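# Examination of the molecular architecture
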Amino acid sequence: MIAIAVLRRLLVAAATLIGVAIVVFALLRVVPGDPVSMMISPGASPADIAALRAHYGLDGSLLSQFVVWVRYALRGDFGVSISLKRDVLALVGERLPATLELATAALAFAVIVGGAVAILGAMARRTWAEPVIDTVTGLLLAVPDFVWALALVLAFGVVWPLLPLTGRIDPSVASGMTTPFYLVESLLRLRFDVFFDLLRHLAMPTLALGLPLAAVIARVLKGALNEAMAQDYVLLARLKGMSELRLVLQEALRNAIGPTLALTGVQFTFLIGGTVIVERIFAYPGIGNMAIEAVINRDLPLIQGLVLAFAVIFILINIAVDLMVALFNPKLAHA
Amino acid sequence: MMEASASSFVAPGGPALRARRLAALLAEPKVTLGGGFILALILVALFAPWIAPKNPLDQELMLASVPPVGFTGAEPGYLLGADDLGRDVLSRLIYGSRIALIVAFVAASLAAFIGTALGLIAGWYRGWADGLISRLVDIWMAFPPVLLSILLVAVLGAGVGSVIAAIAIIDWTRFCRVVRAETMAQAEADYVVAARAIGFPPIHILMREILPNVVPALLALVSLEMGIAVIVEAILSFVGLSVASDTPTWGGMIAEGRQFIHQTWWLFAAPLVALFATVLAFNQLGDGLRRALDPVLRR
C-alpha cells in the first residue's frame, strides 16, 4: 500500500516538474531579444550563428524547440550561460552548496530555537512569560525575511558592527578549501579558523531566514503541546508524580510533533524561496543571488536551469515531508 | 503564513448579524490599531502634496546628506535629513507611500479576484476542473515566489503595472486554496442543499449563497496579501525593477541608502521603519479580522 502511495507521489512530482519546465520555457520565449544573438561573440560568422541556432533547436517551431530543450536537459545539457559563457549545470553545481549550507543552517536554528521556545512556553503556560512569548513570536511572524535581513544589516552591520555585511567567507582563508561545502569541509578538517569565519558570515542571513520559521515552529508546537498537556494521559502521569519538564518532553512532545513537522516542511520551502532575496542583500554567493543576476542580465539558459533547480528542491522537500509525517503517524502509514 | 479557515458560517443573516460583526470588529484591538494606521497612511498618500514639506524631487546639493533633526549638522526643515542629492527624506517617504498603497490595494484585489473565481469553480464542480486547477496550484507552488516575481517583471518590463500584474499572477494561489476548501465545505451545508433543491442555477448558488459566507475568510487574507504586496514591491524596487528611479519608493530608497550605509545610515533606516510599520499594520489587521469574523476562533 505504502509503495503505491509513494509511486503516486513521485508521478505527481514528475508532472509538476514538467509543468514548471513548460511555464519557464513559455515565459522565456516571451522575453524580447534573440537568445542566440546574445550567446555569440561579436566576430561570429552567419554560418556560426546558424549552427548554434540548429544546435539548440531554435530554428524549429515552439513545440519542437521545447522537445529539443527537454532532450538536452535529460542528458544534463542545460545550455551555456550567456553572461558567464560556461555550462549552466556546472555553474548551478558550484553555487548550490552555498545555498544548501545556508538553508540548512537556518532550518537548524529555527528548529532548535523554535522548539526550545515552544517547550519553555508550554511549561510557563498561564504565567507572565506566556504573553511575552506570544507577542515576540507574533512580531517575528508578522514581518518577513526581507525586512529582518535589512534590520539586521542596520543592527549588526552599522549600529553595532559585529558581523561582516557581505559574502560567504573571507578570501584570505578560503584558499585552502577543496570542496564547495565549506562549512562541512572545514569542520571535518578541523579548520576551526575557517569554520568560525564561515559562521560569522552566515550569522545574519541565517537569522533573517530562520527567525520567522522559528516563530512558526514555536507557535504551532506550543499550541499542540498545550493541547496535549490537557489530555487525560498527561493528567495520569502528573498524578504519578512526573516532573513538569518530563511531562512535556516525554508525554506531550511525542503527540505534538506530527502536525508541527508537516507545517515545518511547508514553511521550509518558503525559507528556500526566501534565500533568493536574502542572498542578494548579503551578497552571499548561492543560487538565489545568481538567479537575480541572471534575470538582470537576461541570461535565459541560466535562468531556466536555476528555476528548475529550485523546483527540484521544493518538490524533494515536499516528498520528504510527506514520508516523515507518515513515519511519525502510524495511522497514516497503514491507511 | 497560516491560512484562515472559517469553516462554519451559518446562513447569511440580515442587518442584525452585520451589526454584530461590526461590533466584534471594533472590539478587536488589532483591527482598530492596524486599520487605524492603514487609514492614516491612506490619508498621507492621498494628500501627499499638501503634507510633504518639500518637493520630493528637488535637489539642494548644498544640503546633501544632512542628518535628521537632533543630530549635529542637522538642517531645520529637513526633519529626517536629506539624501546624497539633497532631497528631503521625509517628503520622499510620504510620496513613496503612494506606490506602496496603490500596489497593495490593486494587486491584492486582483489576486483575490482570480483566486476566488478559480477556487469557487474548483470547489463547486470538482472533477476535472478541480484536478486542472489544483495541478496548476501545485506547479505555481514549486516556484520561489520572489524569483518568479523578478522574472515576470523582467519579462513584462519595469513599471507599477508590471509589479501589480506579477503579484496577482503569483499570489492568486493563496486565495484559490482557501476558497476551494471553503466552497467544498459550504456545498455540503443544509442551506446550499436547499438552494439546489429549489432549483437555483449554480451561478446563483455560488455568487449569492456561498460567496457571502467565504467573504469573512477572504477579508483577512486580502489584508495579509496587501502586506505581502508592499514587501514584493519593495523587493522589486530594491533590485531596481519597479518604477522609474525618479519616482520615490521605499524599496528604492532602501537600495540607495544601502550604498552609503556607513556614512548616512538614516537614508536606509527611515524607509525601513516605514516599510516595517506598514507591513506590521496590514498583518495585524488581517489577524484581527480573522479573529473577529471567525466564530470558531472567537469562542
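Within any chain, residue numbers begin from 1 and follow the written order of that chain's sequence. Following the order in which they are written, the chains are lettered starting with A and the ligands numbered starting with 1. Only residues with pLDDT of at least 70 get local features here, since the model is predicted, and only at 80 or more are side-chain atom pairs given and counted; chain-wide, interface and lining totals rely on the full set of residues.

Strands are runs of DSSP state E lasting at least two residues, helices are runs of H or I lasting at least four, and both sets are numbered from the N terminus onward. Helix and strand counts for chain A come out as 15 helices and zero strands. Viewed in the frame of its principal axes, chain A has a C-alpha envelope of about 85 × 55 × 40 Å.

So, on to the overall build of chain B. A tally of regular secondary structure across chain B gives twelve helices and zero strands. Reading the helices (α) and strands (β) of chain B from amino to carboxyl end gives α-α-α-α-α-α-α-α-α-α-α-α. Seen through its principal axes, chain B has C-alpha atoms that stretch 75 × 45 × 30 Å. A sequence separation of at least 24 residues applies to 71% of the contacts in chain B between residues at least 6 apart. A residue pair is marked as a contact if its C-beta atoms, positioned from the backbone, fall within 7 Å.

Of the residues lining the interface, 33 residues belong to chain A; the matching set on chain B comes to 29 residues. Elements with a minimum of two residues in the side of chain A that touches chain B: α1 (2-30), α7 (145-159), α12 (244-281), α13 (287-296) and α14 (300-328) of chain A. Polar here means any residue other than Ala, Val, Leu, Ile, Met, Phe, Trp, Tyr, Cys and Pro, which are nonpolar, and Asp, Glu, Lys and Arg, which are charged; Gly is therefore polar. Partitioning the side of chain A that touches chain B into residue classes produces 27 nonpolar, four polar and two charged.

Ranked by internal contacts, the top residues of the largest apolar core, which has 179 residues, are L306(A), I150(B) and V230(B). For this core, the element with the most residues is helix α9 (residues 202-239) of chain B, which contributes 21 residues. Apart from the residues lying within four places of it in its own chain, the contact partners of V230(B) are A100(B), V103(B), A104(B), L275(B), T278(B), V279(B) and F282(B). In this description, a nonpolar core means buried residues of the types Ala, Val, Leu, Ile, Met, Phe, Trp, Tyr and Cys, linked to one another by C-beta atoms lying within 7 Å. Exposure classification rests on a simple neighbour count of other C-beta atoms within 10 Å of a residue's own: a residue reaching 20 or more is buried, one at 12 or fewer is exposed, and one in between is partly exposed. C-beta atoms are placed from the backbone.

On to unusual backbone geometry, then. Keep in mind that most residues, glycine aside, have a negative phi and that most peptide bonds are trans. Even without being glycine, K85(A) reaches a positive phi, approximately 55°. Mapped onto the fold, K85(A) is located in the loop between α4 (62-74) and α5 (88-123). Among the residues examined, K85(A) registers 9 C-beta atoms within 10 Å and is labelled exposed. For R126(B), which is not glycine, the phi dihedral falls at a positive 50°.

Turning our attention to the packing of helix α5 (residues 127-141) of chain B against helix α7 (residues 160-187) of chain B. All names here are of chain B. To obtain each axis, a line is fitted to C-alpha atoms, and for helices this fit is confined to the stretch in contact; angles are then taken between N-to-C directions over 0 to 180 degrees. At a minimum axis separation of 10 Å, α5 and α7 run at an interaxial angle of 140°. As the angle between them shows, α5 and α7 are arranged oblique. Our pair here, α5 against α7, has a crossing hand that is left-handed. Where α5 approaches α7, its residues I133, V137, W140 and M141 are matched on the opposing element by T173, C176 and R177. The residue makeup of the contact of α5 with α7, split by class, is five nonpolar, one polar and one charged. Any angle from 65 to 115 degrees is called roughly perpendicular, while one under 35 is roughly parallel, one over 145 is roughly antiparallel, and all others are oblique. Crossing handedness: left-handed means the near helix sits turned counterclockwise from the far one by under a right angle, and right-handed means the same turn made clockwise.

All names here are of chain B. With respect to the helices and strands, G240 occurs in the loop between α9 and α10 (250-259). The class for G240 is partly exposed, based on 13 C-beta atoms found within 10 Å. Spatially, the C-alpha atoms of G240 and G252 are 7.0 Å apart, while their sequence positions differ by twelve residues.

A few words now on the packing of helix α4 (residues 89-125) of chain B against α9(B). All names here are of chain B. Between α4 and α9, the shortest axis-to-axis distance is 7 Å and the interhelical angle comes to 145°. α4 and α9 meet at a crossing whose hand is right-handed. Contacts between α4 and α9 pair I99, A100, V103, A104, F105, A107, A108, A111, A112, T116, L120 and W124 from the former with P202, L206, I210, L218, V222, E225, M226, A229, V230 and E233 from the latter. For the contact of α4 with α9, a count of residues per class yields 19 nonpolar, one polar and two charged.

It is worth spelling out the confidence of the model for chain A at this point. Note on scores: pLDDT gives the predictor's confidence for each residue, bounded by 0 and 100. Chain-level pLDDT for chain A is 85 on average; 92% of the residues reach the 70-or-more range. Looking across chain A, the model is least confident in helix α15 (residues 330-334) of chain A, with a mean pLDDT of 53, and most confident in α5(A), with 94.

On to the confidence of the model for chain B. Averaged over all residues, the pLDDT of chain B equals 86, while 93% of them reach at least 70. In the model, residues 1-11 of chain B has pLDDT below 50 throughout and makes 22 contacts with residues more than four positions away in sequence or in other chains.

Here the focus is α9(B). Residue and element names in this part refer to chain B. Here the expected span of a helix is defined as 1.5 Å times the quantity of residues minus one. For α9, built from 38 residues, the straight-helix expectation of 56 Å at 1.5 Å per residue is missed by more than 12%, its first-to-last C-alpha distance being only 45 Å. At L211, α9 shows its maximal kink, close to 50°; a proline, P212, follows between one and four residues later. Most of α9 is tucked away: 29 of the 38 residues are buried. Backbone geometry just downstream of α9 places G240 in the positive-phi region, at approximately 95°. What the bend at a residue measures is the angle between two axes, fitted to the seven residues ending there and to the seven starting there.

With that settled, the discussion passes to helix α11 (residues 266-293) of chain B. Spanning 28 residues, α11(B) covers 40 Å between terminal C-alpha atoms, matching the ideal 40 Å at 1.5 Å per step. α11(B) sits mainly inside the fold: 22 of its 28 residues count as buried.

What follows deals with the environment of D87(A). Residues and elements named next belong to chain A. With respect to the helices and strands, D87 occurs in the loop between α4 and α5. C-beta crowding within 10 Å serves as the criterion here: with 17 such atoms nearby, D87 is assigned to the partly exposed category. In the structure, D87 is positioned ten residues away from D77 in sequence and 7.8 Å away in space, judged by C-alpha atoms.

This part covers the environment of L147(B). Along the chain, L147(B) turns up in helix α6 (residues 145-156). It is 31 Å that separates the C-alpha atoms of L147(B) and P216(B), two residues lying 69 residues apart in sequence. Contact partners of L147(B), with chain neighbours within four places excluded, come to V276(A), A291(A), V307(A) and F310(A).

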